[in-house]
Amino acid sequence: MRFTIRLFLYWVSIFLIFYIGIQVVVYFLWGMRVEAWQGVLVFLIVGVIPPALITAFFSKRLDYMESEKLEPPSFSGQKKAVFQFKGRSDSPFDEVMQRIDRQWIISYSDRKNRILKFRTDARMTSWGLGGYLKMEDEETVTVIVYPIRPRSKRDRLFVNQTLRLVHSVLNP
């Protein structure tokens, strides 16, 4: 299942839990009953449409993470860095992929072109970050990290921290 759909269902389920809780409280405090069709209609308006709009707003960045597009991203708020990598094995790209996989979620990989796309986990307080890694040659790695919410100061700080962390992961 695509990450965008999972994220949408996650938000809808949170809205559903709150909606059911509010319905239970209203019933016990005031004894008000809601007809089933009214409850479903209100939930669709309040619990499905807002998460759908939010997910649609960020869908371009979210879908890029799992797409087969090989060109680097061109999103606002992204940062790019080039690192030197000293591999210890005969297949340096596999080594890079292994190291990245320990820290982040790999959402797409292409061994032939030596490209990885990775992301951080999405939480209630943060949509996370996306990353693009391309191994240019046996010792040079280009990394681009971009926030899902580009206007967030917090996510911009995470972009810088993630680049530093990628550097330390690639060069322990």
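Residues numbered from 1 in each chain as written. Predicted model: local features only at pLDDT ≥ 70, side-chain atom pairs only at ≥ 80, totals over all residues. Heavy atoms only, no water.

Brief notes about helix α1 (residues 3-30)
Helical geometry note: an α-helix holds 3.6 residues per turn, so side chains three or four residues apart project in the same direction. Quick note on the threshold: Only DSSP runs of H or I with at least four residues qualify as helices, and only runs of E with at least two residues qualify as strands; both kinds are numbered from the N terminus onward. Here a helix's expected span is defined as the number of its residues, less one, multiplied by 1.5 Å. Accessible area is worked out with a 1.4 Å probe on protein chains only. A residue is then buried under 20% of its type maximum, exposed over 50%, and partly exposed in between. Whether two residues are in contact is decided by their heavy atoms, any of which lying within 4.5 Å being enough.
Given a rise of 1.5 Å per residue, 28 residues ought to cover 40 Å, and the 40 Å separating the end C-alpha atoms of α1 matches this to within 8%. Residues of α1 that are buried include every one of Phe3, Thr4, Leu7, Trp11, Val12, Ile14, Tyr19 and Val26, and no others. Structurally, α1 contributes buried residues whose contacts are with α2 (36-66) and β3 (115-119). Gly31 sits one or two residues past α1 and shows a positive phi near 70°.

Things to note about the pattern of salt bridges
The condition is simple: Criterion for a salt bridge: a side-chain nitrogen of Lys or Arg within 4 Å of a carboxyl oxygen of Asp or Glu.
Scanning the model with the defined rule gives three salt bridges in all. Taking the shortest distance from any N to any O, the salt bridge between Asp94 and Arg111 comes out at 2.8 Å. Within this pair, whereas Asp94 is found in helix α3 (residues 92-103), its partner Arg111 is found in the loop between β2 (105-110) and β3, the two being separated by 17 residues in sequence. The exposure class assigned to Asp94 is partly exposed, which follows from its relative accessible area of 31%. Notably, a salt bridge pairs Glu95 with Arg99, separated by 2.8 Å at the nearest N-O pair. In this pair, Glu95 and Arg99 are both assigned in helix α3, four residues apart and thus about one turn of the helix distant.

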